[in-house]
Amino acid sequence: MANVVVFDELGGPEVLRLAEVPLAEPGEGEARVRIEAIGLNRAEALFRAGGYYYQPTFPASRLGSEAAGVVEAVGPGVEGFAPGDAVSVLSVGMGMSRHGVYADRAVVKADTLLSRPAWMDARTGAAIWLSHLTAYGALFEVGRLQPGDHVLVTAASSSVGTAALQLAGQIGAVPIAVTRATAKAGRLLGAGAAHVVATDRDDLAESVREITGGKGARVVFDPVGGPGLVDLARTVAEDGALIVYGWLDPRPAPLPMTWPLNVHGYGVHLVTRDAGRMRRARAFITAGLRTGALAPVIDRTFDLADIAEAHRYMEADGQVGKIVVTVRH
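All residue numbers refer to positions counted from 1 along the written sequence of the respective chain. The predicted nature of this model means local features are confined to residues of pLDDT at least 70 and side-chain atom pairs, given and counted, to a pLDDT of 80 or more, with totals for whole chains, interfaces and linings taken over all residues. To get the side-chain values, all heavy atoms of the structure are used, and hydrogens and water are removed first.

A. Molecular detail of the pairing of strand β15 (residues 322-326). Counting buried positions along β15 gives four out of five residues, so the element sits mostly inside the fold. Relative to β15, strand β3 (residues 30-39) runs antiparallel, the two being bridged by three bridges. Note on β15: the bridge partner recorded for Gly 39 is Val 324. The sheet contact formed by strand β14 (residues 298-303) and β15 spans five bridges and is parallel. Note on β15: the bridge partner recorded for Thr 301 is Val 324. Handedness of a crossover is defined as follows: with both strands directed away from the viewer, a clockwise route from the first strand across the helix to the second makes it right-handed. Only DSSP runs of H or I with at least four residues qualify as helices, and only runs of E with at least two residues qualify as strands; both kinds are numbered from the N terminus onward. In this fold, the crossover linking β14 to β15 by way of helix α11 (residues 307-315) has right-handed handedness. Working definition: with a 1.4 Å probe on protein chains only, accessible area under 20% of the residue-type maximum means buried, over 50% means exposed, and in between means partly exposed. At least two DSSP bridges between two strands are needed for those strands to be called paired.

Shown next, in the form of structure tokens:
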């Protein structure tokens, strides 16, 4: 049996519950993992509430895409992993209703596993990959960010936002963090921002013009979308890139029509489904972890039994970085 977080209807954090679920033996190409830590992502709150790009399947829909633990068993045809191996699980695009990893044990596709080196603890293994792969693909594979470029990161206090600040700084780019709350400014500077624009006190376009000497940001990285996209486009340098990777504002997002501007709709699948990009991303991120240039910013840790409270905390929007849930065995 496994203790699994499930929900039977759309709603707030209160719909989440722990249930004992039979745990099958891993089949062809599968592995069973004892989960030690789970990384929470905003997409999971949207999924739970019915606001994601696909809908949950009831009853007992599962949740979650990112975890770390230890392989307990492997099914036929699995190569490269064996019982006792420390791993991260990155099951994006697999369908959370069936493959969600909010659990103490889970059977997952072996091709969603990443080897976790001995020097990487479970909390780091559950917090690093989705956020940093998302930011890496946008900034470098799409945006072609270079040393000295200014990059504007909106919703910068998110786990992807703090990852983008670190990755930009690692190559000598100039990360500008955008937040709605002045109170987060100090923590964002500590997380790697060279500049912070707090929209509760600062005019965004004016601040970016001042920071960039009137040129604008070479790359703008945004998970919000909505009608504010038009104003955000005015902060992009000529022939720069506006990369939109989310829709936290569900209202229609008009296509910006300004000077020469490259607008990209982006998802982490651009990296995870391409072997070459994934190889480059893993090498870049692992090197940064080894040198200390990269480290997931973990805001707070909850126990699996407190998953509803963890979701309430995530939706309160007070965190800077990642929320992690740990599992006791």
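Past the structure itself, the notes keep going.
B. Region of the structure containing the sheet that holds strand β10 (residues 195-198). One open sheet holds the six strands; their spatial order is β10-β9-β8-β11-β12-β13, and the pairing between them is parallel. Where the open sheet ends on each side, the last strands, each with one partner, are β10 and β13 (262-265). In this sheet, neighbouring strand axes are inclined to one another by 15° on average, regardless of whether the strands run parallel or antiparallel. Of the strand pairs in this sheet, strand β8 (residues 150-153) and strand β9 (residues 174-179) are connected by four bridges, and their pairing is parallel. Of the residues in β9, the one forming a bridge with Val 153 is Ala 177. With axes taken as lines fitted to C-alpha atoms, and helix axes fitted only over the stretch in contact, angles between N-to-C directions fall between 0 and 180 degrees.

C. Structural view of the pattern of salt bridges. We count a salt bridge whenever a side-chain nitrogen from Lys or Arg sits within 4 Å of a carboxyl oxygen from Asp or Glu. Here the structure, examined in full by the defined rule, presents 19 salt bridges. Residues Lys 322 and Glu 66 are paired through a salt bridge, measuring 2.8 Å at the closest nitrogen-oxygen approach. With Lys 322 in strand β15 and Glu 66 in strand β4 (residues 66-74), this residue pair connects regions lying 256 residues apart in the sequence. Judged by relative accessible area, Glu 66 falls into the buried class, the value being 1%. Among the salt bridges present, the one from Arg 251 reaches Asp 249, with a minimum N-O distance of 2.7 Å. Sharing partners across several salt bridges, the network here consists of Glu 25, Arg 32, Glu 72 and Arg 105.

D. Focus on empty space enclosed by the protein. Each cavity reported here is a set of points on a 1 Å grid over the protein atoms alone in which a 1.4 Å probe fits but cannot get out, each pocket an open set with protein on both sides within 12 Å along at least five of seven lines, and each lining residue one with an atom within 4 Å of a point. Grid points are joined across faces, edges and corners, and a volume is the space filled by probe spheres set on the points. This structure, assessed with the given rule, holds two cavities of 30 Å³ or more. For the largest cavity, the calculated volume is near 40 Å³. Taken together, Ser 91, Met 94, His 99, Val 107, Val 108, Lys 109 and Thr 112 make up the full set of residues lining the largest cavity. With three residues, the single largest contributor to the lining of the largest cavity is strand β6 (residues 105-109). Think of it as three bins: nonpolar holds Ala, Val, Leu, Ile, Met, Phe, Trp, Tyr, Cys and Pro, charged holds Asp, Glu, Lys and Arg, and polar takes everything else, Gly as well. Taken together, the residues of the lining of the largest cavity break down into three nonpolar, three polar and one charged. By volume, the second largest cavity is sized at about 40 Å³. Around the second largest cavity, the lining residues are Ala 127, Ser 131, His 132, Ser 159, Thr 162, Ala 163, Pro 296, Val 297, Gly 321 and Lys 322. When contributions to the lining of the second largest cavity are tallied by element, the ones reaching two or more residues are α4 (129-142) and α5 (159-170). Of the residues forming the lining of the second largest cavity, the biggest block, three residues, is contributed by α5.

E. Focus on the side chain of Thr 235. Considering the arrangement of structural elements, one finds Thr 235 in the loop between α8 (229-233) and β12 (236-244). You can call Thr 235 buried: its relative accessible area is 2%. When checking whether two residues touch, look at their non-hydrogen atoms; a contact exists if any pair is within 4.5 Å. Apart from residues no more than four positions distant in its own chain, Thr 235 is found in contact with Leu 152, Leu 204, Ala 205, Val 208, Gly 216, Ala 217 and Val 220.

F. Up close: the packing of α4 against α5. α5 packs onto α4 with a crossing angle of 55° between their chain directions and a minimal axis gap of 8 Å. Put simply, α4 runs oblique to α5. Considering the relative orientation of α4 and α5, their crossing is right-handed. Counting all contacts with α4, which are made through Ser 131, His 132, Thr 134, Ala 135, Tyr 136, Leu 139 and Phe 140, the residues of α5 involved are Ser 159, Val 160, Ala 163, Ala 164, Gln 166, Leu 167 and Ala 168. Among the residues making up the contact of α4 with α5, the classes are represented as nine nonpolar, five polar and no charged. Roughly parallel means an angle under 35 degrees; roughly antiparallel means over 145; roughly perpendicular covers 65 to 115; every other angle is labelled oblique. Note on convention: the crossing is left-handed when the near helix lies turned anticlockwise from the far helix by less than a right angle, right-handed when the turn is clockwise.

G. Up close: the environment of Ala 127. With respect to the element layout, Ala 127 can be found in helix α3 (residues 122-127). On the basis of relative accessibility, which here comes to 1%, the residue Ala 127 falls in the buried class. On a C-alpha basis, the gap between Ala 127 and Ala 156 in space is 16 Å, while along the polypeptide they are 29 residues apart. Non-local contacts of Ala 127, meaning those with residues more than four positions away in its chain, are made with Glu 66, Pro 296, Ile 298, Lys 322 and Val 324.

H. Structural view of a nonpolar patch on the surface. In this analysis, a patch consists of residues with relative accessible area above 30% that form no salt bridge, clustered at 9 Å for like charges and at 5 Å for the nonpolar side chains Val, Leu, Ile, Met, Phe, Trp and Tyr. Every accessible area reported is derived by Shrake-Rupley at a probe size of 1.4 Å, with residue values counting cover from the shown protein chains alone. Where nonpolar side chains cluster on the molecular surface, the patch consists of Leu 255, Met 257 and Val 263 and spans about 340 Å² of accessible area. Tracing the backbone shows Leu 255 in the loop between β12 and β13. For Leu 255, a relative accessible area of 60% gives the class exposed.

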